[in-house]
There are 2 protein chains.
Amino acid sequence: MRSAHSSGPSAELRLMPIAFCGEIKPGDSLPDKLLGAMRQQDFALEPGDILVVKHKIVSKAERRLVDLATLKLSAFAKRWAKKYGVDAGVIELALRESRAVIRRKHGVLITETKHGFICANSGVDVSNLDGGGHALLLPADPDRSARKLHRELKQRTGLAIPVLITDSFGRPWREGLVDFCIGLAGMKALRDDRGRRDPHGYVLHASVEAIVDELACAAGLVCGKLNRAPACIVRGFHYQASRGSTRSLLRPAANDLFR
Amino acid sequence: MRSAHSSGPSAELRLMPIAFCGEIKPGDSLPDKLLGAMRQQDFALEPGDILVVKHKIVSKAERRLVDLATLKLSAFAKRWAKKYGVDAGVIELALRESRAVIRRKHGVLITETKHGFICANSGVDVSNLDGGGHALLLPADPDRSARKLHRELKQRTGLAIPVLITDSFGRPWREGLVDFCIGLAGMKALRDDRGRRDPHGYVLHASVEAIVDELACAAGLVCGKLNRAPACIVRGFHYQASRGSTRSLLRPAANDLFR
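Conventions and cut-offs
- Residue indices begin from 1 for each chain and proceed along its sequence in written order.
- For naming, the first written chain is A and the first written ligand is 1, with later ones following in the order written.
- Thresholds applied to this predicted model are a pLDDT of at least 70 for local features of residues and 80 or more for the giving and counting of side-chain atom pairs; totals over whole chains, interfaces and linings are not thresholded and use all residues.
- Elements are defined by DSSP. Helices are runs of H or I of four residues or more, strands are runs of E of two residues or more, and each kind is numbered from the N terminus.
- As a rule, residues whose C-beta atom has 12 or fewer other C-beta atoms within 10 Å are exposed, those with 20 or more are buried, and those in between are partly exposed; C-beta atoms are placed from the backbone.
- When DSSP locates at least two bridges between a pair of strands, those strands are taken to pair.
- The axes used here are C-alpha line fits, helices contributing only the stretch in contact, and every angle between their N-to-C directions lies in the interval 0 to 180 degrees.
- pLDDT is a residue-level measure of predictor confidence that goes from 0 to 100.
- A pair of residues counts as a contact when their C-beta atoms, built from backbone coordinates, are within 7 Å of each other.
- Domains are outlined according to an automatic or database domain assignment.
- In this classification, Asp, Glu, Lys and Arg are treated as charged, Ala, Val, Leu, Ile, Met, Phe, Trp, Tyr, Cys and Pro as nonpolar, and every other residue, Gly included, as polar.
- Residue count minus one, scaled by 1.5 Å, sets the expected span of a helix.

Caption draft 1: Examining the overall build of chain A more closely. A tally of regular secondary structure across chain A gives six helices and 12 strands. In chain A, which comprises 259 residues, the proportion classed as buried is 47%.

See below:
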């Protein structure tokens, strides 16, 4: 197990994009595609590496595509879509994939997904798909998807590589999207430094760091929507090995000030 | 100018922590300290590098320290501190540094700072200071601090290195802190891909990416509170050169769903 608690200066960290030539198709084997792409780029997984994957290729491989033309639309979805000039099918799916609507205003629908993530339109996406006419849903259980990829990579390479699945979310108060971790296997989501001492001997109080969200953002810098790198390797980060789950990132509603 | 709009696969990105041996003291020259620390670690700035700096060393250099014993406390600060077992001086300063209180509940005070950032206790911090008894405020104008550092580094090195100043913020709905960009000079804060086409030819709609927040998070991975690296260099990221300001990251209240 690698330790998150090195107190000396950190070493250099590297982010290596994994570029794909072809597309991920429904039913494709992600480990095959990822390892193949790495071989083509002449690099291989090493012990200590972390794999970060955009959810789109996971969702596509898992056949989470919905033909918008086949959807039965609710009256609400039709009204909302008409009022704000958005796709009624996306709104319909956003509601179906949600367990609560957090806000609906200015044409923006903020929902809590069945997994507990709070984001626009339950993460339903139409932006990055061939042809169009289809929407892409988040994986049904992104932690499970991450565990599967983690397990399959271990079978093929012998290495227990932490796997993060990410999506771009908006934030309250702040313009611009950033990537969040929505599926996790193989490492702890949070680094809890409470009770530890900083270099001055001062005990750290409010220092729980959402490491996997920071890793998601870092990966977002090399996995742009405009290039063909839907995944990357993070090399040199000292993580805490663990089964891992994004559930520890979800703040219970009772402790939350914004819903 | 480097372009953010490479559509081919990205190249590798490197994050190199800048470890400090000594402490930053009020009145210190940050460019001297940073360039000195880099020399000691045997690396130098290169064209295209981005410098990310934790606000604490900027605030300390700018003498943004307040002796908590000298503060006149309001009745509210005293009541709040007593009720929740927090430092009344921090609450007092949090209110003084704010222009609005966004939420106060469960012992957490979420304010809008005079700069427009929404965070706990206006970013007032007591965690990382020698001795204790003092609080550290955010820089009075973090964009100006970033511009000053950008300018001074250019004078010393001849290189126009974008400078980001960061702080750790909590988020609604989500456990754990991540780093946000609170001061910026030398590059654009947002990457606006709206109207551009993805590899499938599909026009991207909601694709404004908060690049500098992703850079802040990436830097957060190598600039831990427990090590002596309060800054880092990001090498290999294709940014858009610009005067730069964090103001473009602030969502106007009228468009915001959560205040």
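Caption draft 2: Molecular detail of the sheet that holds strand E5 (residues 108-113) of chain A. All names here are of chain A. As summarised here, the arrangement of the three strands in space is E4-E5-E6, forming an open sheet in which the pairing is antiparallel. The strands lining the two open edges of the sheet, one partner per strand, are strand E4 (98-105) and strand E6 (118-120). Put simply, the sheet's adjacent strands are angled 30° from each other on average, direction ignored. Here E4 runs beside E5; their pairing, made up of six bridges, is antiparallel. Counterpart to serine 98 in the pairing with E5 is threonine 113.

Caption draft 3: Here's a closer look at the confidence of the model for chain A. All names here are of chain A. Chain-level statistics for chain A give a pLDDT mean of 89 and a share of 89% at 70 or above. Mean pLDDT values for the elements of chain A range from 90 in strand E10 (residues 191-192) up to 98 in helix H5 (residues 142-157). Below pLDDT 50 for its whole length, residues 1-9 participates in 20 contacts with residues either more than four positions away or in separate chains. Model confidence for the complex is summarised by a pTM of 0.93, with the ipTM given as 0.93.

Caption draft 4: Summary view of the domain arrangement of chain A. Residues and elements named next belong to chain A. Examined at the domain level, chain A breaks down into domain 1 (14-64 + 138-250) and domain 2 (66-134). Taken over C-alpha atoms, the centre of domain 1 sits 25 Å from the centre of domain 2. A per-class count over the side of domain 1 that touches domain 2 returns five nonpolar, one polar and four charged.

Caption draft 5: Structural context of the sheet that holds strand E5 (residues 108-113) of chain B. Residue and element names in this part refer to chain B. Read across the sheet, three strands follow the order E4-E5-E6 without closing on themselves; strand pairing throughout is antiparallel. Both outer strands of the open sheet, strand E4 (98-105) and strand E6 (118-120), are each paired with one neighbouring strand and no more. Across the sheet, the axes of successive neighbouring strands diverge by a mean angle of 30°, strand direction being ignored.

Caption draft 6: A look at unusual backbone geometry. Despite not being glycine, A:His106 shows a phi value in the positive range, around 50°. Along the chain, A:His106 falls in the loop between E4 and E5. The class for A:His106 is exposed, based on 11 C-beta atoms found within 10 Å. Although it is not a glycine, B:Trp173 sits at a positive phi angle of roughly 75°. Of note, B:Trp173 is situated in the loop between strand E8 (163-171) and strand E9 (174-185).

Caption draft 7: Layout of helix H6 (residues 211-222) of chain B. In a regular helix each residue adds 1.5 Å, so 12 residues correspond to 16 Å; H6(B) covers 18 Å between its end C-alpha atoms and thus fits that length. A large share of H6(B) lies buried, amounting to 12 of its 12 residues.

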